[in-house]
Amino acid sequence: MATLQFLGATGTVTGSKYLLEHDGCRVLVDCGLFQGLKELRLRNWNPPPFDPASLSLVLLTHAHLDHSGYLPVVVRNGYQGRILATAASRDLSEIILLDSGHLQEEDARYANKKGFSKHHPALPLYTQDDARRVIPQIESVAFDASTEIGPGLTATLRAAGHIPGAAMIEIRIRSRGEREKVVIFSGDLGRPDQPILPDPESLRPCDHLLLESTYGNRDHPKDNAKADLARIVNETIGRGGTLLIPSFAVGRAQHLLYLLHQLREEGSIRKDIPIHLDSPMAIEASRILVRHKEAQDEAMRAEDENGGDPLGLKDVHFSVTVEDSKVLNNTPYPSIIVSASGMAEGGRILHHLAVKASDHRTTVLFVGFQAVGTRGRAMQGGAEFIRLYGREIPVRARVETLQGLSAHADRGEILAWLRASGVRPGRVHLVHGEPDARDALAALLRETMALDVHCPDYLERIEL
């Protein structure tokens, strides 16, 4: 008998972890950090809800921290086995985990300096060295190749879109004397007809589908993101200003570079306006995407193979060092700066905001969701000042938001994906969504498709 336990992403969009057990084999699908509310983040500090040393295998749907960021804790606590992911996810996990370890150490140092931690001294959840020890254990597997992962268990990774290398994971379970059962983990489901990345593959017949529900209660705006970006660029350049774009380094930054390159080639924006990518992680993620043809959609792959430059990287200035970044604040002419972090909560974008947010010629363009309590959300809401480096910085810049670049399938796209497959999963387990979004999608799937839908609780275990 096989069982599945939900160890994260239940009633929340973070902490994805699912433990599948069959015939003595224990497979962990995803190993993510809890993020956001303090009550969730505290779970990261509890002892793992399983014995890491007893795991047989770890499978990753993709490299984002809420799916991979707990790996250093699991390895430090005794897991010595293989971690399987697509080739692009393997390479992205390396840069993401090392950066996470570095940030954990920086947060601990800052807490000790300011004395606001309850623990003395404050310690990081894990260090960069902890993250570095994970990397040799990550092995790549090809899309659509069945892999034996244990007695009576095979796994197949299929393209999910979302970010480079993202996969859905299909696990087939064979027990003596019983019918084969199939469990599919959607991971984060991407959107159809997006540039750079492949469309999510069609759903295969399955007994159980773990389906994300991040946008289960709403649809994305139908705005023309490319046309809006051209307008914002031209208006900013017309004022002689700088376009500052806080961006997530993996996925979103590459999407932006693609759109800017297309607009340049079409003549919709001027080619002589410099584009700066000011994020070492975004620079490396862009190189990883170009290197991994299997993670690209057909159009990008064809352009790349014909000697093209689909992301326009030859015309992008890479700001690798801190000194490179500082120079950008002294440029007197108009430019476009894409920098991290996406919610203006850390990273190099803060230095640019400290210098340029008070300049009326500047435009600050947000290109992703801004969580409550972040600087990004405050600026979207019309904040007249933002606090940076102990100073109140007046916001005289124009603040814009570019809709339509989300990497998650919305309510309508999830429904269309399910219907297009022509198959009916035996049971749907909604994960990776806040309660309102999850419950709305559950009601929609029951009403429109008469599906058996389950909304699991944290630590709940079911028989498969």
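For the structure, check the block above.
The residue numbering used here restarts from 1 in each chain and proceeds along that chain's sequence as written. Only residues with pLDDT of 70 or above have their local features reported here, since the model is predicted, and side-chain atom pairs are shown and tallied only from 80 upward, although totals for entire chains, interfaces and linings are computed over all residues. Excluding hydrogens and water, the side-chain values take into account all heavy atoms of the structure.

Draft legend 1. How the structure looks around the pattern of salt bridges. Definition used for salt bridges: Asp or Glu carboxyl oxygen within 4 Å of a side-chain nitrogen of Lys or Arg. What the rule picks out here adds up to 31 salt bridges. A salt bridge links Glu235 to Arg231; its shortest N-O distance comes to 3.3 Å. Of the two residues, Glu235 and Arg231 both sit in helix α6 (residues 225-238), four residues apart, roughly one turn of that helix. For Arg231, a relative accessible area of 35% corresponds to the partly exposed category. If you follow the salt bridges from partner to partner, you end up with Asp144, Arg158, Glu170, Arg172 and Glu180 in one network. Helix and strand labels come from DSSP, where a helix needs a run of H or I of at least four residues and a strand needs a run of E of at least two; each type is numbered from the N terminus. Exposure categories follow from relative accessible area, calculated using a 1.4 Å probe and restricted to protein chains: below 20% of the type maximum is buried, above 50% is exposed, and the middle band is partly exposed.

Draft legend 2. Inspection of the pairing of strand β7 (residues 147-150) at higher detail. One ladder, built from three bridges, connects β7 with strand β8 (residues 153-159); its direction is antiparallel. If you follow Gly150 over to β8, its bridge partner there is Leu153. Connecting β7 to the antiparallel partner β8 that follows it, the hairpin turn spans two residues, and Gly152 within it adopts a positive phi of roughly 75°. Strand pairing requires that DSSP identify at least two bridges connecting the strands.

Draft legend 3. Quick look at the sheet that holds strand β16 (residues 363-366). On the basis of which strands lie adjacent, the open sheet formed by six strands has the order β14-β13-β15-β12-β16-β19 and parallel pairing. Each edge of the sheet is formed by a strand with only one pairing partner; in this case those strands are β14 (316-318) and β19 (398-401). Averaged over neighbouring strand pairs, the angle between their axes works out to 20° when direction is ignored. Note: strand β13 (residues 275-278) against strand β15 (residues 335-339), four bridges, orientation parallel. The residue of β15 that forms the bridge with Asp278 is Ser339. Every axis in this analysis is a line fitted to C-alpha atoms, fitted for helices over the stretch in contact. Angles between the N-to-C directions lie between 0 and 180 degrees.

Draft legend 4. Layout of the nonpolar core. Counting 68 residues, the largest nonpolar core has Leu209, Leu211, Leu229, Ile336, Leu418 and Leu445 as its most contacted members. Among the elements that take part in this core, helix α7 (residues 252-266) stands out by supplying seven residues, more than any other. Residues contacting Leu211, with those up to four places away along its chain left out, are Ser186, Ile414, Trp417, Leu418, Val428, His429, Leu430, Val431, Leu441 and Leu445. Residues Phe6, Ile149, Ile169 and Ile462 belong to the second largest nonpolar core, which totals 29 residues. By convention a nonpolar core is built from buried Ala, Val, Leu, Ile, Met, Phe, Trp, Tyr and Cys residues, the set being connected through side-chain atoms within 4.5 Å. By definition in these notes, contact holds between two residues if any of their heavy atoms fall within 4.5 Å.

Draft legend 5. Seen up close, the environment of Arg174. Turning to its location among the elements, Arg174 is positioned in the loop between β9 (167-173) and β10 (181-185). You can call Arg174 partly exposed: its relative accessible area is 34%. With 22 residues separating them along the chain, Arg174 and Gly152 place their C-alpha atoms 4.7 Å apart.

Draft legend 6. Representation of the packing of α6 against α7 in the model. Orientation of α6 relative to α7, taken along the N-to-C sense of each, is 75°, at an axis distance of 10 Å. Overall, the two elements α6 and α7 adopt an arrangement that is roughly perpendicular. Taken together, the residues of α7 that come into contact with α6 (itself represented by Lys226, Leu229, Ala230 and Val233) are Leu256, Leu259, Leu260, Gln262, Leu263 and Glu266. Taken together, the residues of the contact of α6 with α7 sort by class into seven nonpolar, one polar and two charged. These descriptions rest on fixed angle ranges, namely under 35 degrees for roughly parallel, over 145 for roughly antiparallel, 65 to 115 for roughly perpendicular, and the rest for oblique. Ten residues, namely Ala, Val, Leu, Ile, Met, Phe, Trp, Tyr, Cys and Pro, are considered nonpolar, four, namely Asp, Glu, Lys and Arg, are considered charged, and the remaining ones, Gly among them, are considered polar.

Draft legend 7. Here's a closer look at the packing of aromatic side chains. Stacked, edge-to-face and tilted are the three classes for Phe, Tyr and Trp ring pairs, Trp counted by its six-membered ring, which pair at centre distances within 6.5 Å; planes under 30 degrees apart are stacked, over 60 edge-to-face, the rest tilted. For the coordinates displayed, the defined rule picks out three aromatic pairs. Judged by centre distance (6.2 Å) and plane angle (80°), the rings of Phe6 and Tyr18 are edge-to-face. You can see Phe6 sitting in strand β1 (residues 3-6) and its partner Tyr18 sitting in strand β2 (residues 17-22), a full twelve residues away along the chain. The same class applies to Phe6 as to Tyr18, namely buried. Ring centres of Tyr18 and Phe185 lie 5.9 Å apart, and the angle between their planes is 35°; this geometry places the pair in the tilted category.

Draft legend 8. Highlighting the pairing of β13. Residues Ile275 and Leu277 point to one face of β13 and His276 and Asp278 to the other, with burial holding for every one of them. When β13 meets β14, the two strands line up parallel, connected through three bridges. Its bridge partner being in β14, Ile275 is matched across the sheet by Val316.

Draft legend 9. Representation of unusual backbone geometry within the structure. That bond from Ala340 to Ser341 is cis: its omega, 15°, falls within 30 degrees of zero. With respect to the helices and strands, Ser341 occurs in the loop between β15 and α11 (349-356). Phi is positive for Asp193, which is not a glycine, with a value near 60°. Inspection of the secondary structure assignment puts Asp193 in the loop between β10 and β11 (208-212).

Draft legend 10. Local environment of the state of the cysteines. By disulfide we mean two sulfur atoms from cysteines, separated by a distance within 2.5 Å. Using the criterion set out here, one finds zero disulfides in the structure. Counting only cysteine sulfurs, Cys25 is the nearest neighbor of Cys31, a cysteine outside any disulfide, at a range of 16 Å. Residue classification places Cys31 among the buried residues on the basis of a relative accessible area of 0%. In this structure Cys206 is a free cysteine whose sulfur lies 16 Å from that of Cys455, the closest cysteine sulfur available.

Draft legend 11. Fine view of the side chain of Arg252. With respect to the helices, strands and loops of the structure, Arg252 is situated in helix α7. Notably, Arg252 is buried but unbridged: the nearest opposite-charge side chain belongs to Asp188, and the N-O separation is 9.9 Å. Each polar contact in these results corresponds to two N or O atoms within 3.5 Å; when the atoms are within protein, one needs to be able to donate a hydrogen and the other to accept it, and residues that are neighboring in sequence are counted only if both atoms are side-chain atoms. From its side chain, Arg252 meets the backbone oxygen of Leu405 in a polar contact 3.2 Å long. Once residues lying within four places of it in the same chain are set aside, the contact partners of Arg252 are Ser247, Val367, Gly368, Leu405, Ser406 and Ala407. This count recognises Lys and Arg as positive and Asp and Glu as negative, with His and chain-terminal groups excluded.

Draft legend 12. A look at α6. By definition here, a helix of n residues has an expected span of 1.5 Å times n minus one. Here α6 spans 20 Å end to end across 14 residues, near enough to the 20 Å set by a 1.5 Å rise per residue. Within α6 the residues assigned to the buried category are Ala225, Leu229, Ala230, Ile232, Val233, Thr236 and Ile237. The buried residues of α6 occupy an angular sector of 165° when projected down its axis, which confines them to one face. With a side-chain oxygen positioned 3.2 Å from the backbone nitrogen of Lys226, the residue opening α6 is Asn224. Residue Gly240 follows α6 closely and has a positive phi angle near 75°. When we speak of the arc, we mean the arc of directions from the helix axis to the C-beta atoms.

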